[in-house]
Amino acid sequence: GYHIQGILDDHKREGYTYKNVRVLGKIAQLESFLEENMLDEIAITLGLAEYHKLEHIVSMCEKSGVHTKFIPDYNNIIPTKPYTEDLLGLPVINIRHVPLSNTLNRWMKRLMDIFGAIVAIILWAIYAIVALILFSPVMAVVSVIIKATSPGPLIFKQERIGLQNKPFPMYKFRSMVVQDAASEKAKWTVQNDPRVTPIGKFIRKTSIDELPQLFNVLKGDMSLVGPRPERPQFVEKFREEIPRYMVKHQVRPGLTGWAQVNGFRGDTSIRKRIEHDLYYIENWTLGFDFKILFLTFFKGFVNKNAY
């Protein structure tokens, strides 16, 4: 629906065409063009080196009453939707809109985390008591098998990087044989990984191993919903390889997330995970959290990529 009259450019000769749009003259001719033509809108697309011309151009456009748009020359610096705010009369452009930087939003999400974690733990406890009564012989056998095949603690604690790049201990049910720290940090879990115990394969596939993270949620290290936290050595690796990777640490990590309910768990694309994490961070609402929790129950627990 736009009819483009032409371009004023100090670097191209008059008559030069760009995508079939002609250069009509130099920027100095703007005032005469505004007087001689009925223009609805001016789009200012100066390069960074020409910003000294901006005040004069805006002044001429305002004087003529024409609607003016300014397209800043920093798309390569700001890859997502920026937003502006007023700081004591000073207009400030924020590179990224993060709804959870708002205090009220943070408190609402924190209250939901506490309530959700408590309810989940209570339901989990009720389920465990009922299961204990009904399936105690089977559970006893399974416990013996676990101890016989893999001696070690029931709960596994691993360092992860969370909000504001701070490390925290993340809890899981142990699904691997006990390893020394150097071996454990060395690599991802892969298909048919010999470190995974027989029962570990089942609890990893069904995400049962993640349930102790409800206590991380109560402690405030994690949220019910958010980007999944990663180990320090992989954070250092990915921050160099993947643009905007570290933005995920502007919010609390989650038990589940937008990437996970869209299938990006385990041995899947890190770049795709980050794309989904950034979308979540920039478009957060309580309703979005509830949607992710709802989808988790139907498509987020069983993970075909969990080895």
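These figures come from a predicted structure and were not determined experimentally.

What counts, and where the lines are drawn
- Residues numbered from 1 in each chain as written.
- Predicted model: local features only at pLDDT ≥ 70, side-chain atom pairs only at ≥ 80, totals over all residues.
- Heavy atoms only, no water.
- Helix = DSSP H or I, 4+ residues; strand = E, 2+ residues; numbered from the N terminus.
- Buried < 20%, exposed > 50% of the residue type's maximum accessible area, 1.4 Å probe, protein only.
- Contact = heavy atoms within 4.5 Å.
- Salt bridge = Lys/Arg side-chain N within 4 Å of Asp/Glu carboxyl O.
- Core = buried A, V, L, I, M, F, W, Y, C linked by side-chain atoms within 4.5 Å.
- Patch = residues over 30% accessible without salt bridge, like charges linked within 9 Å, V, L, I, M, F, W, Y side chains within 5 Å.
- Areas by Shrake-Rupley, 256 points an atom, 1.4 Å probe, with all protein chains shown as cover.
- Pairing = 2+ DSSP bridges.
- Phe/Tyr/Trp six-rings, centres within 6.5 Å; stacked < 30°, edge-to-face > 60°.
- Expected span 1.5 Å × (residues − 1).
- Polar contact = N/O pair within 3.5 Å; in protein donor to acceptor, adjacent residues only side chain to side chain.
- pLDDT = per-residue confidence, 0-100.

Chemist: How do you make sense of the overall build of the protein chain when you look at a structure like this?
Modeler: Along the protein chain, the regular secondary structure elements total 10 helices and 11 strands. When burial is assessed residue by residue, the protein chain has 38% of its 307 residues classed as buried. In the protein chain, of all internal contacts separated by at least 6 residues, the share reaching a separation of at least 24 is 63%.

Chemist: When you look at the pattern of salt bridges in this model, what are you seeing that I'm missing?
Modeler: Opposite charge on two side chains lets them pair, provided their charged atoms get close. This model, assessed by the stated rule, comprises 11 salt bridges. The residue R239 makes a salt bridge to E236 at a minimum N-O spacing of 3.3 Å. Here E236 and R239 lie together in helix α7 (residues 232–241), a separation of 3 residues that amounts to about one turn. Here the salt bridges share partners, and the residues they tie into one network are D10, E50 and K53.

Chemist: Teacher, can you tell me more about the nonpolar core here?
Modeler: One broad trend across soluble globular proteins is that nonpolar side chains are buried collectively. Ranked by internal contacts, the top residues of the largest apolar core, which has 32 residues, are Y245, Y280 and I292. Looking at this core, the element that brings in the most residues is helix α9 (residues 270–282), giving 5 residues. In this structure, Y245 is in contact with E230, V235, F238, R239, I270 and I274, ignoring residues within four places of it in sequence. In this structure, I42, I44, L54 and M60 belong to the second largest nonpolar core, which totals 11 residues.

Chemist: Teacher, can you tell me more about a nonpolar patch on the surface here?
Modeler: Residues I114, F115, I118, V119, I122, L123 and I126 make up a contiguous nonpolar surface patch of about 630 Å² in total accessible area. Mapped onto the elements of the fold, V119 is located in helix α3 (residues 103–149).

Chemist: Before we go on, may I ask you to explain the sheet that holds strand β1 (residues 7–8) in this structure?
Modeler: Two strands in a sheet stick together by hydrogen bonds in their backbones, pointing the same way (parallel) or opposite ways (antiparallel). Overall, mixed pairing links the 3 strands, which are arranged β1-β3-β2 in an open sheet. Across the chains shown, the open sheet's two edge strands, defined by having one partner strand only, are β1 and β2 (17–18). As paired elements, β1 and strand β3 (residues 21–25) share 2 bridges and run parallel to each other. Within the sheet, the bridge partner assigned to L8 lies in β3 and is G25.

Chemist: Would you mind showing me how to read the pairing of strand β9 (residues 167–173) here?
Modeler: Moving residue by residue along a regular strand, the side chains alternate between the two faces of the sheet. Within β9, 5 of the 7 residues are buried, which leaves it mostly tucked inside the rest of the structure. Taken together, the 7 bridges between strand β8 (residues 155–161) and β9 define a ladder with antiparallel strand orientation. Residue K157 lies in a different strand from β9, and its bridge partner there is Y171. Hairpin remark: β8 followed by β9, antiparallel, with 5 residues in the connecting loop; positive phi at Q164, about 60 degrees.

Chemist: Got a minute to help me understand the packing of aromatic side chains in this structure?
Modeler: In this description, a pair of aromatic rings is defined by centroid distance and the angle of the planes. All told, the structure shown has 7 aromatic pairs when counted by the stated rule. Ring geometry for Y51 versus F70: centroids 5.6 Å apart, planes at 65 degrees, classification edge-to-face. Taken as a pair, Y51 in the loop between β4 (41–44) and α2 (54–64) and F70 in strand β5 (residues 67–70) lie far apart in primary sequence, 19 residues in all. Both rings, one in Y279 and one in F288, keep their centres 6.1 Å apart while their planes meet at 85 degrees; by these two values the pair is edge-to-face.

Chemist: I tried to follow α9 on my own but got confused; where do I start?
Modeler: Residue pairs three or four apart in sequence face the same way in an α-helix, which turns once every 3.6 residues. With 13 residues, α9 extends 18 Å from end C-alpha to end C-alpha; this agrees with the ideal 18 Å at 1.5 Å per step. N-cap assignment for α9: the residue whose side-chain oxygen lies 3.4 Å from the backbone N of R271 is S269.

Chemist: Looking at this structure, how should I read the confidence of the model for the protein chain?
Modeler: Summary statistics for the protein chain give a mean pLDDT of 82 and a share of 83% for residues scoring 70 or more. Per-element confidence in the protein chain is highest for β1, whose mean pLDDT is 94, and lowest for helix α4 (residues 181–185), whose mean pLDDT is 62.

Chemist: How should I be thinking about unusual backbone geometry in this particular structure?
Modeler: Residue K19 is not a glycine yet carries a positive backbone phi of 50 degrees. Phi at L88 takes a positive value of approximately 50 degrees, unusual for a residue other than glycine. Its relative accessible area of 87% is what places L88 among the exposed residues.

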